[in-house]
Amino acid sequence: MTPRATDRARYDRATAHLDAPVAIVDLEAFDANADDLVRRAAGKPIRVASKSVRCRALLERVLARPGFAGIMSFTLAESLWLARAGFEDVLLAYPSADRTAFAELTSDPKLAAAVTVMVDDPAQLDLVDAARERQDLEVRVCLELDTSLQLFGGRLRVGARRSPLRTPAQLADLARSVARRPGFRLVGLMAYEGHVAGVGDAVAGRPVRSRAIRLMQSAARKELAARRAEVVRAVRAVAPDLEFVNGGGTGSVQHTAAEAAVTEIAAGSGLYVPRLFDNYTSFSGRPAALFAQPVVRRPGVGVVTVLGGGYPASGAPGADRLPVPYLPEGLGYDGQEGAGEVQTPLLGSAADDLLIGDKVWFRHAKAGELCERFEELQLVEGDRVTATVPTYRGEGRTFL
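Remember, predicted model here, so these are calculated numbers, not experimental data. (Residues numbered from 1 in each chain as written. Predicted model: local features only at pLDDT ≥ 70, side-chain atom pairs only at ≥ 80, totals over all residues. Heavy atoms only, no water.)

### Considerations on the overall build of the chain
Consideration 1: A count of helices and strands for the chain gives 12 helices and 19 strands.
Consideration 2: In terms of overall dimensions, the chain is globule-like: its C-alpha atoms have a radius of gyration of 22 Å, near the 21 Å expected for 400 residues.
Consideration 3: Expressed along its principal axes, the backbone C-alpha trace of the chain runs to roughly 70 × 45 × 35 Å.
Consideration 4: Of all 400 residues assigned to the chain, the portion counted as buried reaches 52%.
Consideration 5: For the chain, the proportion of contacts with a sequence separation of at least 24, taken over those separated by at least 6, is 69%.
Consideration 6: Here the chain has roughly 17,100 Å² of accessible surface; of this, 51% comes from carbon and sulfur atoms. (Helix = DSSP H or I, 4+ residues; strand = E, 2+ residues; numbered from the N terminus. Rg over C-alpha atoms; globule rule 2.2 N^0.38 Å. Buried < 20%, exposed > 50% of the residue type's maximum accessible area, 1.4 Å probe, protein only. Contact = heavy atoms within 4.5 Å. Areas by Shrake-Rupley, 256 points an atom, 1.4 Å probe, with all protein chains shown as cover.)

Okay, structure coming up:
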């Protein structure tokens, strides 16, 4: 049997008592991926991106391992929920306009001490002050640097449209605004290089495109390393007690960790290793999070139909945003139907060996978004389910 066939047999045995749809996390693969992230971080702590996990039990599991420290959250409401649950270091990765949550943050010393908010505009500080419940509580603040690569005088931009702050002077100006403002304390700087960390550079069947991506990423890493170091010097001149400088992402851990200016690395998707992380030369991980759909029809030779499965990922629409049929090997979508809301035909010779009620295992395109489709994750060790844990959705939390 191939390794994938062996995994399929294990997963089928482990979930034989469970009806599909069902979602699993293979703990051996999860832990091996965690070890690989730590190895690549080379001694710098990894802050776990919660949007890529969306399960408190698994956040607790990875944070109990050496090499991991702190959470990078995706909404302020989530940040407060995690802080109330006992997570003591939560960095909100995106600016918020949640006035209710700001009122909660500024009314509770425990929450104010545990949560750091993201800022790239003085108007965001105004929102906090307008909602503030207590004037005596300091709000912890992190500034975000725009990491995009800009060429030809800015006419060509590569990278996500995030912070408006690019230069050392711009970051230092905002740092001074925070420092002058009562009720705020600047503690961190973040720079997420998504065009390096989140874009695969070895796209199957696209050698020219892959080489172009590698050249772009090499140039982007060099430009950002120099600029990030200058920005950190400028901000530390204003706030010498800066606690952390965060950078990275699953696809660039070892490169970002090599920068002296960076004190911690952000990563999360590398724990589950969804399909979008198959196309990297910098690392290879083990698929740890999968979901199964049941075969409900056999329309003809070389075709089976499974229930549901239309779980596209966020981002620019395209075939790479769809889940991929993974086990058994050799199945693919019907080009006229794709992944359906209620039914999904799958084509391939492997279909003829599947019976009504059998499970087909899929990998989601992205990591944590899978958890928005399931209330529970079955934790698999070997060929047994050893625990069932709720996702955020299973705890009644749908933050986005």
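The rest of the description comes next.
### A short note on the side chain of Asp26
Consideration 1: Examined against the element boundaries, Asp26 turns out to sit in strand β1 (residues 22–26).
Consideration 2: A distance of 2.7 Å separates polar atoms of two side chains, one belonging to Asp26 and the other to Arg10.
Consideration 3: A polar atom in the side chain of Asp26 sits 3.1 Å from the backbone nitrogen of Glu28.
Consideration 4: Look past the residues within four positions of Asp26 in its chain and what remains in contact with it is Arg10, Tyr11, Ala288 and Val380. (Polar contact = N/O pair within 3.5 Å; in protein donor to acceptor, adjacent residues only side chain to side chain.)

### Overview of the nonpolar core
Consideration 1: Grouped together as the largest cluster of nonpolar side chains are 89 residues, with contacts concentrated most on Val25, Leu58, Val141, Leu143, Leu186, Tyr272 and Leu377.
Consideration 2: Here this core gets 6 residues from one element, more than from any other, and that element is helix α2 (residues 27–41).
Consideration 3: One finds Ala14, Ala20, Leu290 and Ala292 within the second-largest nonpolar core, a separate group that totals 11 residues. (Core = buried A, V, L, I, M, F, W, Y, C linked by side-chain atoms within 4.5 Å.)

### Re the pattern of salt bridges
Consideration 1: This structure, assessed with the given rule, holds 33 salt bridges.
Consideration 2: Where Arg65 meets Asp31, a salt bridge forms, and the shortest distance between an N and an O atom there is 3.4 Å. You can see Arg65 sitting in the loop between α3 (56–63) and β3 (68–73) and its partner Asp31 sitting in helix α2, a full 34 residues away along the chain.
Consideration 3: Through salt bridges with shared partners, a single network forms among Asp31, Asp35, Arg61 and Arg65. (Salt bridge = Lys/Arg side-chain N within 4 Å of Asp/Glu carboxyl O.)

### Quick look at the packing of aromatic side chains
Consideration 1: According to the stated counting rule, one finds 12 aromatic pairs in the structure shown.
Consideration 2: Aromatic pair Phe291 and Phe362: ring centres 5.1 Å apart, planes at 10°, arrangement stacked. Taken as a pair, Phe291 in strand β12 (residues 289–300) and Phe362 in strand β17 (residues 359–363) lie far apart in primary sequence, 71 residues in all.
Consideration 3: Between the aromatic rings of Phe291 and Phe374, the centroid separation amounts to 6.1 Å while the plane-to-plane angle is 40°, which identifies the pairing as tilted. Of the two residues, Phe291 sits in strand β12 while Phe374 sits in the loop between β17 and β18 (376–381), which places them 83 residues apart along the sequence.
Consideration 4: An aromatic cluster is built from Phe74, Trp81, Tyr392 and Phe399, whose rings are joined through pairwise contacts.
Consideration 5: One Lys or Arg, Arg363, reaches over the ring of Tyr326 and ends 5.2 Å from the middle of that ring. (Phe/Tyr/Trp six-rings, centres within 6.5 Å; stacked < 30°, edge-to-face > 60°. Lys NZ or Arg CZ within 6 Å of the ring centre and 35° of its normal.)

### A few points about the environment of Ile265
Consideration 1: Along the polypeptide, Ile265 turns up in strand β11 (residues 264–267).
Consideration 2: With relative accessibility at 0%, the residue Ile265 sits in the buried group.
Consideration 3: Distance in space between the C-alpha atoms of Ile265 and Gly247 is 5.2 Å, their sequence separation being 18 residues.
Consideration 4: Contact partners of Ile265, with chain neighbours within four places excluded, come to Ala41, Lys44, Pro45, Ile46, Arg47, Asn246, Gly247, Gly248, Gly249, Val253, Thr256 and Ala257.

### Some points on helix α4 (residues 76–84)
Every α-helix winds through 3.6 residues per turn, so residues three or four apart in the chain are directed the same way.
Consideration 1: Judged by how many residues are buried, α4 sits mostly within the fold: 7 of 9 residues are covered.
Consideration 2: Turning to α4, its buried residues are Leu76, Glu78, Ser79, Leu80, Trp81, Leu82 and Ala83.
Consideration 3: Against the buried residues of α4 lie α3, β3, β4 (90–92), α5 (99–105), α6 (109–114) and β5 (115–119).
Consideration 4: Just past α4, the residue Gly86 takes up positive phi, approximately 110°.

### Describing the environment of Leu111
Consideration 1: Considering the arrangement of structural elements, one finds Leu111 in helix α6.
Consideration 2: Separated by 172 residues in the primary sequence, Leu111 and Phe283 have C-alpha atoms spaced 36 Å apart.
Consideration 3: Once residues lying within four places of it in the same chain are set aside, the contact partners of Leu111 are Leu80, Ala83, Arg84, Glu104 and Leu105.

### Concerning helix α8 (residues 168–180)
Consideration 1: Look at α8: 18 Å from first C-alpha to last across 13 residues, which is about the 18 Å you get at 1.5 Å a residue.
Consideration 2: Along α8, the residues classified as buried are Leu171, Ala172, Leu174, Ala175 and Val178. The arc that holds every buried residue of α8, seen down its axis, measures 165°, which confines them to one face.
Consideration 3: For α8, the elements touching its buried residues are β5, α7 (122–131), β6 (139–144), β9 (184–191) and α10 (207–238). (Expected span 1.5 Å × (residues − 1). Arc of directions from axis to C-beta.)

### Brief notes about the sheet that holds β4
Consideration 1: The strand order around the closed barrel built from 8 strands is β2-β3-β4-β5-β6-β9-β10-β11, with neighbouring strands paired in parallel fashion. Across the sheet, the mean angle from the axis of one strand to that of its neighbour is 30°, orientation sign disregarded.
Consideration 2: Contacting β5, β6 and β9, α8 crosses the sheet at an angle of about 170° to β6. (Pairing = 2+ DSSP bridges. Axes fitted to C-alpha atoms, helices over the stretch in contact; angles between N-to-C directions.)

### Digging into the packing of α2 against α3
Consideration 1: Viewed as axis vectors pointing N to C, α2 and α3 meet at an angle of 45°, and their least axial separation amounts to 11 Å. Relative to α3, the element α2 is oriented oblique. Helix-helix and strand crossings are classified by hand; for α2 and α3 the assignment is right-handed. Counting all contacts with α2, which are made through Leu27, Phe30, Asp31 and Ala34, the residues of α3 involved are Leu58, Arg61 and Val62. (Parallel < 35°, antiparallel > 145°, perpendicular 65-115°, else oblique. Left-handed = near helix turned anticlockwise from the far one by under 90°.)

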